[in-house]
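Breakdown of the fold
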Amino acid sequence: MKKSFLTIVTLFAAMLVFGQHAKKPTIMVVPSDHFCISHGYKMTFDNQGTQVVLPDYKAALQGDGSLRLVISKMSGIMAERGFPLKDLEQELKNIAQASAEMSMMTSKESGASLAESPIDMLKRTAKADIIMDLDFEVKKRGPQNYIVFTLNGIDAYTSKNIASASGTGNPSTAAAPELLLEEAVLSHMDRFNGLLMAHFTDMFTNGREVKVRVQVWDSSPVDLEEEYDYDGETLELGDIIDDWMADNTVEGRYSNSDNSENFIKFEQVRIPMFYERKGKQRAMNTKKFVNNLRKFLAGDPFGLTCKVYQRGLGEAWLIIGEK
Amino acid sequence: MNKVIKSLIVSLLLVFFFAQGADAQKRKDRKALYNSKFNYQIQCLGVGNDGTKLFKVWGFDKNAKNAAYKAKRNAVAACIFRGIPAGGGADKTPAIVTDPDADKTHKEFFDEFFAAGGKYLQYVNVTTDGAPSGKDRIRVKRGYKVAVIVSIAYDDLRKYLEEKGVARSLSHGF
């Protein structure tokens, strides 16, 4: 009773004080690797003698009518709940179109091309904050059809499974497989959305969970064991960064899961949902959070130059030594 | 001899009073059970049409007709406060309100919503409360336990409660 009351009060207080909406997560349905590969929608590469099999999403979306039906049904339900889904097929088309335009684009005066590093090219992929990993199969038992349905909600920030719904539908002789598929979606979506809501409530109460990694360039004059006089103590740089995390995460929630003189790996880092900029509250993201650490290390007594590199949606690296 | 008879009468009277007390307690418990707003007995029958939930729900009352009415109210209350268990090939459906004390927090709203002939009836699509009979109409001590099959407009009910600020929407805060 007391706990739930406090949770509600905290939520409303956050909304009232900040008067600002958090960054709305984008959600995309992606057929699972199992679905694509078992239905033959795959690409095989020879990677230095090792056969690598990857799902071919474009082929799956173009060639599987059942998949399109399930995604369409799920999109309708999610849009009705205030979360219009990012469409994977359109996203893939958009990326291909943007790539073609980027390669053709030149400046009017000097004919310069757009600057793009190999990393930038790698980053041109379909992304969403939450992936709805979908798998289903129409199975037969004698004259009867039935559906085995699995839906996992993966948080792209942490790779954690935040919501899942799965089960086997009732076998039917009369109903067409398409009808059974529709029934499977209707059967599982409310439970899935209930779990998704629990995840959002947790996020508003305890902060967004992300990963942070601190690295050192091999050209850097200092490593994480360099000692500094800070706050009346002589501490190693790694310990000072650890203290900064404790002070700047929500209720000091983070875990220093591994470290050496060259890196620190922080996991389960709970960053606040908002920060203040020019007198206004804005939605916080991982890069912004790590950028604050960069500014801290640029100040006295450290004077360090660092690069902030965003890796995916929920992970950012701080690389000490140079930009 | 008189002494023996006297003590026998006293013992019998004591037994009688204790038995009465225990029976009264049982009656009180049973009444509390029948009238409890948390006493929903539900059996999911399958996946309902788009936006609806299909299940069998029980109601208790001295009168079989009233028990059927109570069952309808229980059906809507179950969707709001407790959710519907999995069954008949359908997955579990969570409760619409996530706050376990929502009935107290929004007492006035729910008192009006669940009043006799209240707005809750708008979300009961179909019932089989015409003449529950056979195993759906059970005579219990001092009353009836009656089952009706209902189709509840779950999505419409959820939207209404979200609009009224009683339930949180999935996109709340974003």
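Owing to the predicted nature of the structure, the values given are computational and were not obtained by experimental measurement. (Residues numbered from 1 in each chain as written. Chains lettered and ligands numbered in written order. Predicted model: local features only at pLDDT ≥ 70, side-chain atom pairs only at ≥ 80, totals over all residues.)

Another aspect to go through is the overall build of chain A. A tally of regular secondary structure across chain A gives nine helices and 15 strands. C-alpha atoms of chain A, sized along the principal axes, occupy 80 × 65 × 45 Å. Relative to its 323 residues, chain A shows a buried fraction of 25%. Residue pairs at least 24 apart in sequence account for 58% of intrachain contacts in chain A once pairs closer than 6 positions are excluded. (Helix = DSSP H or I, 4+ residues; strand = E, 2+ residues; numbered from the N terminus. Buried ≥ 20, exposed ≤ 12 C-beta atoms within 10 Å, placed from the backbone. Contact = placed C-beta atoms within 7 Å.)

Before going further, it helps to examine the overall build of chain B. Counting its regular elements, chain B contains five helices and five strands. Counted from the first residue to the last, chain B has its helices and strands arranged as α-β-β-α-α-α-β-β-β-α.

Glancing now at the environment of Lys93(A). By secondary structure assignment, the location of Lys93(A) is in helix α5 (residues 88-104). Taking the C-alpha atoms as reference points, Lys93(A) and Gln281(A), separated by 188 residues in sequence, lie 35 Å from one another.

Our next topic: the interface of chain B and chain A. Interface size is often expressed as the accessible area that is lost when the parts come together. The interface is formed by 18 residues belonging to chain B together with 26 residues belonging to chain A. Here the residues of the side of chain B that touches chain A are counted per class, giving six nonpolar, seven polar and five charged. (Nonpolar A, V, L, I, M, F, W, Y, C, P; charged D, E, K, R; others polar.)

Below, the discussion takes up the nonpolar core. Counting 71 residues, the largest nonpolar core has Val57(B), Ala71(B), Val76(B), Cys79(B), Ile152(B) and Leu157(B) as its most contacted members. If you tally residues by element for this core, the top one is helix α2 (residues 64-82) of chain B, at nine residues. Setting aside residues no more than four positions away along its own chain, Leu157(B) makes contact with Val76(B), Cys79(B), Ile96(B), Tyr123(B) and Ile152(B). In this structure, Tyr254(A), Ile264(A), Val290(A) and Ile320(A) belong to the second largest nonpolar core, which totals 22 residues. (Core = buried A, V, L, I, M, F, W, Y, C linked by C-beta atoms within 7 Å.)

As a further point, take helix α7 (residues 177-206) of chain A. Residue and element names in this part refer to chain A. The end-to-end C-alpha distance of α7 is 43 Å, a good match for the 44 Å that 30 residues give at a rise of 1.5 Å each. The largest bend in α7 comes to about 35 degrees, at methionine 189. One or two positions beyond α7, positive phi appears at glycine 207, with a value near 90 degrees. (Expected span 1.5 Å × (residues − 1). Bend = angle between axes of the 7 residues up to and from the residue.)

What follows concerns the domain arrangement of chain A. Residues and elements named next belong to chain A. The domain architecture assigned to chain A consists of domain 1 (23-101 + 113-205) and domain 2 (207-320). In this structure, domain 1 and domain 2 have C-alpha centres spaced 34 Å apart. Contacts between domain 1 and domain 2 engage eight residues on the former and 10 residues on the latter. Of the residues assigned to the side of domain 1 that touches domain 2, the class counts are four nonpolar, one polar and three charged. (Domains from an automatic or database assignment.)

The next thing to look at is the pairing of strand β15 (residues 315-320) of chain A. All names here are of chain A. The pairing of strand β7 (residues 208-216) with β15 spans six bridges and is classified as parallel. Across the sheet, the residue bridging to arginine 213 is tryptophan 317, located in β15. Bridge analysis of strand β14 (residues 306-310) against β15 gives five bridges, and the strand direction is antiparallel. What sits directly across from tyrosine 309, in β15, is tryptophan 317. If you look at the hairpin formed by β14 and β15, you'll find four residues sitting between the two strands, and glycine 312 has a positive phi there, around 70 degrees. (Pairing = 2+ DSSP bridges.)

Turning next to the confidence of the model for chain A. Averaged over all residues, the pLDDT of chain A equals 88, while 93% of them reach at least 70. Confidence, expressed as mean pLDDT per element, reaches its minimum in chain A at helix α1 (residues 2-18) of chain A with 48 and its maximum at helix α8 (residues 237-248) of chain A with 96. (pLDDT = per-residue confidence, 0-100.)

Note on sheets: strands pair through backbone hydrogen bonds, and any given pair is parallel or antiparallel. Residue and element names in this part refer to chain A. Taking strand neighbours across the sheet as the criterion, the four strands line up as β1-β4-β5-β6 in an open arrangement whose pairing is mixed. The open sheet has two edge strands with one neighbour each: β1 (27-31) and β6 (160-168). Neighbour to neighbour, the strand axes of the sheet diverge by 20 degrees on average, direction disregarded. Relative to strand β4 (residues 130-141), β1 runs parallel, the two sharing five bridges. Note on β4: the bridge partner recorded for valine 30 is aspartate 133. Across the face of the sheet, helix α4 (residues 65-80) comes into contact with β1 and β4 while running at roughly 160 degrees to β1. (Axes fitted to C-alpha atoms, helices over the stretch in contact; angles between N-to-C directions.)

Another point: the sheet that holds strand β11 (residues 263-271) of chain A. Residues and elements named next belong to chain A. Reading across the sheet, the five strands line up as β10-β11-β7-β15-β14 and stay open at both edges, with mixed pairing between neighbours. Each edge of the open sheet carries a strand with a single partner, namely β10 (255-259) and β14. Put simply, the sheet's adjacent strands are angled 20 degrees from each other on average, direction ignored. Pairing geometry for β10 and β11, over four bridges, is antiparallel. Within β11, the residue paired with serine 255 across the bridge is glutamate 267.

For any two helices packed against each other, the geometry comes down to the angle between their axes and how far apart the axes lie. Residue and element names in this part refer to chain A. Orientation of α4 relative to α7, taken along the N-to-C sense of each, is 35 degrees, at an axis distance of 10 Å. In the crossing of α4 with α7, the sense of the turn from one axis to the other is right-handed. The residues of α7 that touch α4, namely those facing Ser66, Leu69, Val70, Lys73, Met74 and Ile77, are Glu178, Leu181, Glu182, Val185 and Met189. Taken together, the residues that form the contact of α4 with α7 break down as seven nonpolar, one polar and three charged. (Left-handed = near helix turned anticlockwise from the far one by under 90°.)

Residue and element names in this part refer to chain B. Taken over all residues, the pLDDT of chain B has a mean of 84, while the share at 70 or more is 83%. Between the elements of chain B, mean pLDDT differs from a low of 68, seen in helix α1 (residues 2-35), to a high of 95, seen in helix α5 (residues 154-163). Both confidence scores are given for the complex: pTM 0.81, ipTM 0.78.

This part is about the environment of Thr50(A). All names here are of chain A. Summarising the element assignment, threonine 50 is placed in strand β3 (residues 50-55). With 7 C-beta atoms counted inside 10 Å, the residue threonine 50 sits in the exposed group. Taking the C-alpha atoms as reference points, threonine 50 and valine 70, separated by 20 residues in sequence, lie 34 Å from one another.

Looking now at unusual backbone geometry. Residues and elements named next belong to chain A. For the peptide bond that leads from aspartate 300 to proline 301, omega is 0 degrees, which places it in the cis range. Position of proline 301 relative to the elements: it lies in the loop between α9 (286-298) and β14. A positive phi angle, close to 60 degrees, is found at serine 159, a residue other than glycine. Within the fold, serine 159 resides in the loop between β5 (144-155) and β6. Here the phi dihedral of lysine 278 falls at roughly 50 degrees; this positive angle occurs in a residue that is not glycine. Here lysine 278 shows up in the loop between β12 (274-277) and β13 (280-283). For lysine 278, a count of 5 C-beta atoms within 10 Å corresponds to the exposed category.

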